Amino acid sequence: MPKAKLKRKSTWVDMTAMCDVAFLLLTFFMLTSNFVKKEPVLVTTPSSVSEIKIPETNIMTILVDKTGKIYFGIDGQEKRKELIEKMAAAYSITLTPDEIKRYTVLDLVGNPMQAMKTYLNLKPEVRDLPNNNLGIPADSTDNQFKLWVKSAKEVNPDIRIAIKGDENTPYPVIKKVMKSLQELDQNRYNLITRLEGPSDKK
Amino acid sequence: MAEISSDSGSHKKGGKKRSKKLPSRVDMTPMVDLGFLLITFFMLATSMIKPQTMEIAVPSNKKVDEDQQTVAKVSQAVTLILGKNDAIFYYFGKSEGAKILKTTYAKDGLRKILLEKNFDVAKQVEDLKKEKVKTKMNEDVFQKKLSEIKANKNAPIVRIMATDEANYKNLVDALDEMNICSISRYAIVDLDEPDKLLIKDVNI
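Residues numbered from 1 in each chain as written. Chains lettered and ligands numbered in written order. Predicted model: local features only at pLDDT ≥ 70, side-chain atom pairs only at ≥ 80, totals over all residues.

1. Considerations on the overall build of chain A
Then, in step 1: Helix and strand counts for chain A stand at six helices and seven strands.
Then, in step 2: When the elements of chain A are put in sequence order from the N terminus, they spell out α-β-β-β-β-β-α-α-α-α-β-α-β.
Then, in step 3: Against the globule reference of 17 Å for 202 residues, chain A gives a C-alpha radius of gyration of 25 Å, more extended than a compact globule.
Then, in step 4: Counting all 202 residues of chain A, 31% fall into the buried class.
Then, in step 5: Expressed as a percentage of contacts within chain A between residues at least 6 apart in sequence, the contacts between residues at least 24 apart total 72%. (Helix = DSSP H or I, 4+ residues; strand = E, 2+ residues; numbered from the N terminus. Rg over C-alpha atoms; globule rule 2.2 N^0.38 Å. Buried ≥ 20, exposed ≤ 12 C-beta atoms within 10 Å, placed from the backbone. Contact = placed C-beta atoms within 7 Å.)

2. A look at the pairing of strand S4 (residues 59-64) of chain A
Residue and element names in this part refer to chain A.
Then, in step 1: Most of S4 sits inside the fold, with six of its six residues counted as buried.
Then, in step 2: The alternating pattern of S4 places Ile59, Thr61 and Leu63 on one face and Met60, Ile62 and Val64 on the opposite face, and all of these are buried.
Then, in step 3: Two strands pair when backbone bridges link them, and S4 and strand S6 (residues 160-165) are joined in this way by six bridges, in the parallel orientation. Within S6, the position partnered with Met60 by the bridge is Ile161.
Then, in step 4: In this sheet, strand S5 (residues 70-74) lies alongside S4 in antiparallel orientation, the contact comprising five bridges. Within the sheet, the bridge partner assigned to Thr61 lies in S5 and is Gly73.
Then, in step 5: Hairpin remark: S4 followed by S5, antiparallel, with five residues in the connecting loop; positive phi at Gly68, about 95 degrees. (Pairing = 2+ DSSP bridges.)

3. Overview of the interface of chain B and chain A
Then, in step 1: Facing 39 residues of chain B, the contacting portion of chain A comprises 48 residues.
Then, in step 2: The set of elements that each furnish at least two residues to the side of chain B that touches chain A consists of helix H2 (29-45), strand S1 (46-47), strand S2 (52-57) and helix H6 (168-180) of chain B.
Then, in step 3: Per-element accounting of the side of chain B that touches chain A gives the leading share, 10 residues, to H2(B).
Then, in step 4: A class-by-class count of the residues in the side of chain B that touches chain A yields 22 nonpolar, 10 polar and seven charged.
Then, in step 5: Relative to S2(B), strand S3 (residues 52-53) of chain A runs antiparallel, the two being bridged by two bridges. Considered in S2(B), the bridge of Lys53(A) is made with Gln52(B). (Nonpolar A, V, L, I, M, F, W, Y, C, P; charged D, E, K, R; others polar.)

4. What to know about the domain arrangement of chain B
Residues and elements named next belong to chain B.
Then, in step 1: Assigned domains of chain B: these are domain 1 (72-117 + 156-204) and domain 2 (119-154).
Then, in step 2: Taken over C-alpha atoms, the centre of domain 1 sits 26 Å from the centre of domain 2.
Then, in step 3: Facing the six residues of domain 1 at the interface are seven residues of domain 2. (Domains from an automatic or database assignment.)

5. A closer look at the sheet that holds strand S4 (residues 88-92) of chain B
Residues and elements named next belong to chain B.
Then, in step 1: What the five strands build is an open sheet, ordered S5-S4-S3-S6-S7; its pairing is mixed. Each edge of the open sheet carries a strand with a single partner, namely strand S5 (101-103) and strand S7 (185-189). Mean inter-strand twist for the sheet, computed between neighbouring axes without regard to direction, equals 25 degrees.
Then, in step 2: Relative to S7, strand S6 (residues 157-162) is paired through five bridges, and the arrangement is parallel. By the bridge assignment, Ile160 is partnered in S7 with Ile188. (Axes fitted to C-alpha atoms, helices over the stretch in contact; angles between N-to-C directions.)

6. Here we look at the environment of Thr16(A)
Then, in step 1: By the secondary structure assignment, Thr16(A) is in helix H1 (residues 16-32).
Then, in step 2: Overall, the presence of 12 C-beta atoms within 10 Å leaves Thr16(A) in the exposed class.

7. Considerations on unusual backbone geometry
Then, in step 1: With phi around 55 degrees, Asn58(A) is a residue other than glycine that occupies positive phi space.
Then, in step 2: Unlike most non-glycine residues, Asp86(B) shows phi in positive territory, near 60 degrees.
Then, in step 3: In this fold, Asp86(B) is placed in the loop between strand S3 (77-82) and S4.
Then, in step 4: By the C-beta count within 10 Å, which is 15 here, Asp86(B) ends up partly exposed.

8. A word on helix H2 (residues 77-90) of chain A
Residues and elements named next belong to chain A.
Then, in step 1: Compared with an ideal rise of 1.5 Å per residue, which puts 14 residues at 20 Å, H2 spans 20 Å between its outermost C-alpha atoms and is within 8% of the ideal.
Then, in step 2: Three or more residues of H2 are buried, namely Arg80, Leu83, Ile84 and Met87. With its buried residues spanning 95 degrees around the axis, H2 presents them on a single face. What points out from H2, more than 90 degrees from its buried face, is the exposed set Glu78 and Ala89.
Then, in step 3: Taken together, the buried residues of H2 touch S5, helix H3 (97-104) and helix H5 (144-155).
Then, in step 4: In the segment just after H2, Ser92 is the residue with positive phi, at about 50 degrees. (Expected span 1.5 Å × (residues − 1). Arc of directions from axis to C-beta.)

Right under this line is the structure:
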């Protein structure tokens, strides 16, 4: 009887190198990218050829979505605390320290001051629903938006203004925003755009 | 005793003999899985693209003295009117009796008209850019020369007027064209009565 001796080949592969590559890629991504900020509403900014990068600190963001609602936020948690305390005092609203803390972690808030207390007490899951975000009023009768910008300037004199609008935002809302800024003598601002791709028709 | 003799010279860990080699290797496969899981998390939760900005400055509301106001030649003035459905109209000079024309945001529309009007400045900027690449000019020197070219007294002045039916994209595209065509002086202004009448005639 022939001895059928099958040579068992070893299928064990040394994965050490693969592990090294994986951790190198991971370190690269950790160091070079930054977490996307969660916004209350998704906005498609128009494209432009400008290549100036947005500054990361000392910036106030005015987000205008396509329905014309205005959202406002600044960077820096300490500054946000000062800002909300100023605004609450201006509208005679008392906020508990817990509510103030909740405000400081939000990047952008779009609600009139009267609805701010209830908004801050909502659960995080329901905060982004359209009904709960009414937008900051900027009409001449009740220009809360102007007061937000003024207070932000007082809290941080070096702050710069960045306007992030959707492609389909109607021009009258932008006109209102620019008019309020002009009344506060803020004449230099940045418009946030994205880099033009081949699909943009230019 | 017979076993010691042949292997005493070798440097095995723990003095293990060749025949009874116990594997001290660790299987890295789960570690690799973990690594790729973390990579996938970072790829999906973060973004490498930083958003860009366009810097603009609008004229202030403050009253300026008559002699300090820059006087513009009528021949230099170009007015753009942004209408609804991406329609864009323009005319040269004063609004009374001006011929209003229609154009588009495409390359052959607005850009062509502005480049024609701004031919000298645009050409000088092109030449400066080529020179920059050739002579490896310093960025500050380049900016200084650029502002000198743009300070040309005969350059056109563009007024951008947007109707209430225009959208934000129209405004940004118009401002973008200012940048591309190297227009040094432009302003966003409100529509006034003569312009409103002109628009009505064209019936947008």
